[in-house]
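# Observations on chain architecture
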Amino acid sequence: MARGRSGDSRAVHEAVAALHAFAGNIPSVEAGAEFGTTQAEAMKTVAGADLAEVPQGARLDIIHSLAELGYPGRDDHAAAYKALAKSLDIDVKPDDLLDELRAVVDGTMKIDRTQTAQKLPDTHSIAFVGEDLCSVREVMVGGKPARWVFSEFETNAPFDDVAEWVDPRHWHDRAGMMFKSMAPEKPDGIAPLPGPGERWHGDFKEVVNFGEKELTTGLHCDFAKADPSASHQYALVTYRWNWSHNDQITVDRGFLMVNDLGKNRQVKVLKVVAFTDPALNEFADTVCPWWTDFIRAAARGGDKHGQAAPTSRPGTSYFGPNMRELVGIYRKGVQDYVTFAGQLAKGMSSPRTYGPRELFRDSTGYWAELAKDWARAWTAGNDIIAGMGGSPAGLDAFGGPRGRDGSESEGTTIPLPDIDVNTEVECGDLTLLGAHQAVIPASRTQTELRRLSDGSLGLHLEAATPGVEIGMYLGELVYGPNRKTRPVQLYVSQAVDVVT
């Protein structure tokens, strides 16, 4: 099959979205109804698309999702199912391919052992098929709702290959399904940045398929890659919103990053996005099929890949749920008082039926309820105070009064497999990657050794971020008797998690 692009790109992407909606993978869209297409029509549209537009891995994602449902309508839509399977353009009979994916879903076959996988020209095409790699959550940015889309995984793909994927100049080539184009706004728009290794920044024009929508955005990118002679290799890029076509977007920021762990490469990807119309934020819930295909491209050249527990998260308010509970208690108290005052006014208007006994009854009930509310308020208030100073370093753990003004922190965890629980680890100042080198002083950070999911140790780094400029902050860890060093990266998003 040709690897160009079809004439009706929007119809193709709407068909992809519709099939994932049919399969229940898009929570904010009811099964295909919004796309005005049937399941069979959508399968035929995707089958007719070029592989550059819907790669083999993305088609396997669709087939796997339909297999999880038992291939609904396969008898009635046999031709459409066969066309979709055949469109992978490999030497496997369509019915055999469909049966193999069903066996993978049933757990009787591993996907890397299938005939389908063996015939695919790119081993990474099966990476993350059937896995929920795309984590979408609601956050607040500047008091407005936004979406936080995050993925983290490890792969044994070569470091240089993953580092190329991180570079925004290669996003379109590596992930054409999501990126219609990505290029510097000016031919000479890339300028060097100070610091070791390869560092540069520039303004880019990005055209992406964001779910079934096409969005055009101007992004400023800052790129860094460790010097080849450095003991620890990493590459990363951060991006932030400059402008958007038709002013559709007000927030678009995040990063791509790879750290070489030796045996594997650790990859993290974040996008924080908000639409001018907050109701359109739900479109972020439909982006996962495109996002996953973009992530899959990072695994090119590898044959082992696995998700990791997220080591980065949105900021959290130190008031958090306790403050929300306290506000709710006060609101309830006001409502109770209004109700009591209404009962009292109504009683006083009927003195023949509302006397001292009735007044005593209503007053007793009100004051009993008020006492309960104050008891809850006392507990919530004490929890807030404990949250301000409950860390071993007390109120000044982050170089300031944590939480007194609703301040937030952001953090990350750095794997350190060559340490033990007695190893002392120091973190210096963190400097912003970019033309303006802002600094988070070490006095505003706090570190803690944590046991990771694989049993090894890592260092959790937390920093107070009120008033801190958005972007990636770079620094260095020093640890152990031999004073080993390891680079550390902390991204400040200024996004605050929404606790429901």
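Calculation rules
Residues numbered from 1 in each chain as written. Predicted model: local features only at pLDDT ≥ 70, side-chain atom pairs only at ≥ 80, totals over all residues. Heavy atoms only, no water. Helix = DSSP H or I, 4+ residues; strand = E, 2+ residues; numbered from the N terminus. Buried < 20%, exposed > 50% of the residue type's maximum accessible area, 1.4 Å probe, protein only. Contact = heavy atoms within 4.5 Å. Areas by Shrake-Rupley, 256 points an atom, 1.4 Å probe, with all protein chains shown as cover. Polar contact = N/O pair within 3.5 Å; in protein donor to acceptor, adjacent residues only side chain to side chain. Disulfide = S-S within 2.5 Å. Axes fitted to C-alpha atoms, helices over the stretch in contact; angles between N-to-C directions. Left-handed = near helix turned anticlockwise from the far one by under 90°. Nonpolar A, V, L, I, M, F, W, Y, C, P; charged D, E, K, R; others polar. Salt bridge = Lys/Arg side-chain N within 4 Å of Asp/Glu carboxyl O. Core = buried A, V, L, I, M, F, W, Y, C linked by side-chain atoms within 4.5 Å. Phe/Tyr/Trp six-rings, centres within 6.5 Å; stacked < 30°, edge-to-face > 60°. Expected span 1.5 Å × (residues − 1). pLDDT = per-residue confidence, 0-100. Pairing = 2+ DSSP bridges. Parallel < 35°, antiparallel > 145°, perpendicular 65-115°, else oblique.

## Observations regarding the overall build of the chain
Along the chain, the regular secondary structure elements total eleven helices and 20 strands. The buried share of the chain, reckoned over its 500 residues, is 50%. Partitioning the intrachain contacts of the chain with sequence separation of at least 6 by distance along the chain shows that 66% fall at a separation of at least 24. Of the roughly 23,000 Å² that the chain leaves accessible, carbon and sulfur atoms contribute 51%.

## Quick word on the side chain of Glu410
Assignment of secondary structure puts Glu410 in strand E12 (residues 408-415). Under the relative-accessibility criterion, Glu410 is labelled buried at 2%. One polar contact links Glu410 to Ser493, side chain to side chain, over a distance of 2.9 Å.

## As for the state of the cysteines
Covalently bonding the sulfur atom of one cysteine to the sulfur atom of another cysteine gives a disulfide. Counting across every chain of the model gives one disulfide. Disulfide pairing is shown between Cys134 and Cys288; the S-S distance is 2.2 Å. Here Cys134 and Cys288 share a disulfide; its torsion about the S-S bond, -70°, makes the bridge left-handed. Pair noted here: Cys134 is in the loop between helix H6 (115-119) and strand E1 (135-141) and Cys288 is in helix H9 (residues 288-296), with a separation of 154 residues, a long-range link. Side by side, Cys134 and Cys288 carry an identical accessibility label, which is buried.

## Overview of the environment of Ser244
Looking at the element boundaries, Ser244 is found in strand E7 (residues 234-244). In the structure, Ser244 is positioned 28 residues away from Thr216 in sequence and 5.9 Å away in space, judged by C-alpha atoms. In contact with Ser244, other than residues within four places in its own chain, are Thr216, Thr217 and Ile249.

## Structural notes on the packing of helix H3 (residues 56-68) against helix H5 (residues 94-106)
For any two helices packed against each other, the geometry comes down to the angle between their axes and how far apart the axes lie. Two numbers describe how H3 lies on H5: the axes approach to 9 Å, and their chain directions differ by 65°. For H3 against H5, the interelement crossing comes out right-handed. Every residue of H5 that contacts H3 at Leu60, Ile63, His64, Ala67 and Glu68 is listed here: Leu97, Leu98, Leu101, Arg102, Val104 and Val105. When the residues that make up the contact of H3 with H5 are grouped by side-chain class, the tally is eight nonpolar, one polar and two charged.

## Quick notes on the environment of Thr292
With respect to the helices and strands, the residue Thr292 is situated in helix H9. We classify Thr292 as buried; its relative accessible area is 7%. With 165 residues separating them along the chain, Thr292 and Ala127 place their C-alpha atoms 9.5 Å apart. Setting aside its immediate chain neighbours within four residues, Thr292 contacts Asp61 and Cys134.

## Details of the pattern of salt bridges
One pass over the full model with this rule turns up 22 salt bridges. In this structure, the salt-bridge partner of Arg102 is Asp106, at a minimum N-O distance of 3.3 Å. In this pair, Arg102 and Asp106 are both assigned in helix H5, four residues apart and thus about one turn of the helix distant. Judged by relative accessible area, Asp106 falls into the partly exposed class, the value being 47%. If you follow the salt bridges from partner to partner, you end up with Arg74, Lys82, Asp95 and Asp99 in one network.

## Structural notes on the nonpolar core
With 83 residues, the main nonpolar core has Trp165 and Leu256 as its most contacted residues. Among all residues touching Trp165, those that are not within four sequence positions of it are Trp171, Arg174, Leu256, Val267, Val269, Phe294, Ile295, Ala297 and Ala298.

## Describing the packing of aromatic side chains
Here the structure, examined in full by the defined rule, presents eleven aromatic pairs. Taken together, a centroid distance of 5.1 Å and an interplanar angle of 45° make the contact between Trp171 and Phe179 tilted. Note on Trp171 and Tyr239: the rings are 6.2 Å apart at their centroids and 85° apart in plane angle, and the pair reads as edge-to-face. Of the two residues, Trp171 is situated in helix H8 (residues 171-174) and Tyr239 in strand E7; the sequence distance between them amounts to 68 residues. Judged on exposure class, the residue Trp171 and its partner Tyr239 are both buried. Pairwise contacts between aromatic rings join Trp165, Trp171, Phe179, Tyr239 and Phe294 into one cluster.

## Thoughts on H5
Here H5 contains 13 residues, and its C-alpha end-to-end distance of 19 Å stays within 8% of the 18 Å for a straight helix at 1.5 Å per residue. Positive backbone phi, at 85°, marks Gly107, one or two positions downstream of H5.

## Some thoughts on unusual backbone geometry
Even without being glycine, Tyr71 reaches a positive phi, approximately 55°. Backbone geometry at Asn246 places phi at a positive 60°, although glycine is not the residue there. By the secondary structure assignment, Asn246 is in the loop between E7 and strand E8 (249-260).

## Some details on the confidence of the model for the chain
The pLDDT averaged across the chain works out to 83; a share of 76% of its residues lies at or above 70. Contacts for the low-pLDDT stretch residues 317-327, under 50 throughout, to residues beyond four places or in other chains number 29 contacts. Under a pLDDT of 50 for its full length, residues 383-407 has, in the predicted model, 51 contacts with residues more than four places off or in other chains.

## Points about the pairing of E1
Here E1 pairs with strand E2 (residues 144-155) via seven bridges, running antiparallel. Counterpart to Val136 in the pairing with E2 is Val149. Relative to strand E20 (residues 495-497), E1 runs antiparallel, the two sharing three bridges. Along E20, the bridge assignment pairs Val139 with Asp497.

## Observations concerning helix H1 (residues 9-22)
The end-to-end C-alpha distance of H1 is 20 Å, a good match for the 20 Å that 14 residues give at a rise of 1.5 Å each. Burial within H1 is extensive, with ten of its 14 residues counted as buried. Gly24 sits one or two residues past H1 and shows a positive phi near 85°.

## Side note on the packing of H1 against helix H2 (residues 39-47)
Closest axis-to-axis distance for the H1/H2 pair is 8 Å, and the angle between their directions is 130°. Taken together, the axes of H1 and H2 lie oblique to each other. Both H1 and H2 take part in a crossing whose hand is left-handed. Contact with H1, carried on its side by Ala11, Val12, Ala15, Val16, Ala18, Leu19 and Phe22, involves Gln39, Ala42, Met43, Thr45 and Val46 of H2 and no other residues of that element. Partitioned by chemical class, the residues of the contact of H1 with H2 number ten nonpolar, two polar and no charged.

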